[in-house]
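Residue strings, one per chain:
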Amino acid sequence: MTASPGRIILLNGTGSAGKTSIARALQVLCPTPLLHLGMDLFYVEVCPPQFLFRFVPLREDPGLVEEAPESVRFLAQADPAVGTALVLPPFGRQLLSGMHHTVATLAALGNDVVVDHVLWYTPWLRECVALWQPFSVFFVGVHCPLPTLEARELARGDRSVKGAVRWQYSRVHQHDQQALPYDLTVNTGRTSARECAEQILARWPDLAPATSAFRQLSARYAPGSPADASPAVLSTP
């Protein structure tokens, strides 16, 4: 007997936006099993610690990205207003591509999955769209004011590189010079994680796949479209 395809809830926002807290609240409130995958799991739990990341101070040579074994590099910038830039060596692209494929596999087996992501890298978004087309995807934009994000980032201590959320802030909700379409947006600056989860669960069953945000993105990245500028699936570095 073949299981019906599972559904996917995709939470997109900067680091420290509260996505993981929302995902955990969703698991508690959802009446049916909801699996949780996210960047923290793959970067912190799955990735070997020695390959996790490296912070490159200002004026230090970062080396060739193509030769870097780290999953991600954080590059200090001369202008504090820019924040701390992120660069993905091949291993980092491979690691997160593995997460995207894992979500697709779990959903294909009939599991509902909530994914928390920081979609600052357009090929990640395009890969998710390509791999998750067979499934119902409820796309949620998780917003939060920058001052609140930076206060949370600072409070996390060694768990995060300072300045990263400022760099991500202008990148996660806009790609190819277009704002991302969402099925729902929430704001953790004024709403608790549980309240955000309640909003998501109230709207999730009403998603119409034909007019969903991911269907719009599928059209945006269709072969031959203006945004079709890079491989949809990250099969090679």
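Refer to the structure presented above.
Residues numbered from 1 in each chain as written. Predicted model: local features only at pLDDT ≥ 70, side-chain atom pairs only at ≥ 80, totals over all residues. Heavy atoms only, no water.

Asks: Looking at this structure, I do not really get the side chain of D183. What am I missing?
Replies: With respect to the helices, strands and loops of the structure, D183 is situated in the loop between strand 9 (178–179) and strand 10 (184–187). Comment: no salt bridge for buried D183; closest opposite-charge side chain is R203, at 6.8 Å. Side-chain polar atoms of D183 contact the backbone nitrogen of A213, separated by 2.9 Å. The residues touching D183, leaving out its near neighbours within four places in the chain, are V137, F138, F139, R203, L207, S212 and A213. (Helix = DSSP H or I, 4+ residues; strand = E, 2+ residues; numbered from the N terminus. Buried < 20%, exposed > 50% of the residue type's maximum accessible area, 1.4 Å probe, protein only. Lys, Arg positive; Asp, Glu negative; His and termini not counted. Salt bridge = Lys/Arg side-chain N within 4 Å of Asp/Glu carboxyl O. Polar contact = N/O pair within 3.5 Å; in protein donor to acceptor, adjacent residues only side chain to side chain. Contact = heavy atoms within 4.5 Å.)

Asks: Would you take a moment to explain the pattern of salt bridges for this structure?
Replies: In a structure, side chains of opposite charge can pair up when their charged atoms sit close to one another. According to the stated counting rule, one finds five salt bridges in the structure shown. Among the ionic pairs, R54 bridges to E70, the shortest N-O distance being 3.1 Å. Residue R54 is located in strand 3 (residues 53–56), and its partner E70 is located in the loop between strand 3 and strand 4 (72–75); the two are separated by 16 residues in the primary sequence. With relative accessibility at 25%, the residue R54 sits in the partly exposed group. What you see here is one network of salt bridges that share partners, running through R54, E70 and R73.

Asks: Mind showing me how you'd approach the pairing of strand 1 (residues 7–12) here?
Replies: Within a regular strand, the side chains alternate between the two sheet faces. Most of strand 1 is tucked away, with five of its six residues classed as buried. Where strand 1 and strand 6 (residues 113–117) come together, five bridges link them in parallel fashion. Residue pairing for strand 6: N12 is matched across the bridge by H117. (Pairing = 2+ DSSP bridges.)

Asks: Hey, could you run me through helix 8 (residues 213–220) in this one?
Replies: Since the α-helix advances by 3.6 residues per turn, residues separated by three or four positions end up pointing in the same direction. By the burial criterion, the buried members of helix 8 are A213, F214, L217, S218 and R220. The buried residues of helix 8 occupy an angular sector of 160 degrees when projected down its axis, which confines them to one face. Buried residues along helix 8 sit against strand 1, helix 4 (122–131), strand 7 (136–143), strand 8 (174–175) and strand 9. (Arc of directions from axis to C-beta.)

Asks: Honestly, the sheet that holds strand 6 in this entry has me stumped. Any pointers?
Replies: In sheet architecture, strand pairing relies on hydrogen bonds along the backbone and comes in two forms, parallel and antiparallel. Read from one edge to the other, the open sheet built from five strands follows the order 2-6-1-7-10, with strand pairing classed as parallel. At either end of the open sheet lies a strand with only one pairing partner, and these are strand 2 (35–38) and strand 10. On average, adjacent strands in this sheet sit at an angle of 20 degrees to one another, irrespective of strand direction. Across four bridges, the pairing between strand 7 and strand 10 is parallel. Residue pairing across strands places G141 opposite T185, the latter belonging to strand 10. The sheet strands contacting helix 7 (residues 193–203) are strand 1, strand 7 and strand 10, and the helix crosses strand 10 at an angle near 170 degrees. (Axes fitted to C-alpha atoms, helices over the stretch in contact; angles between N-to-C directions.)

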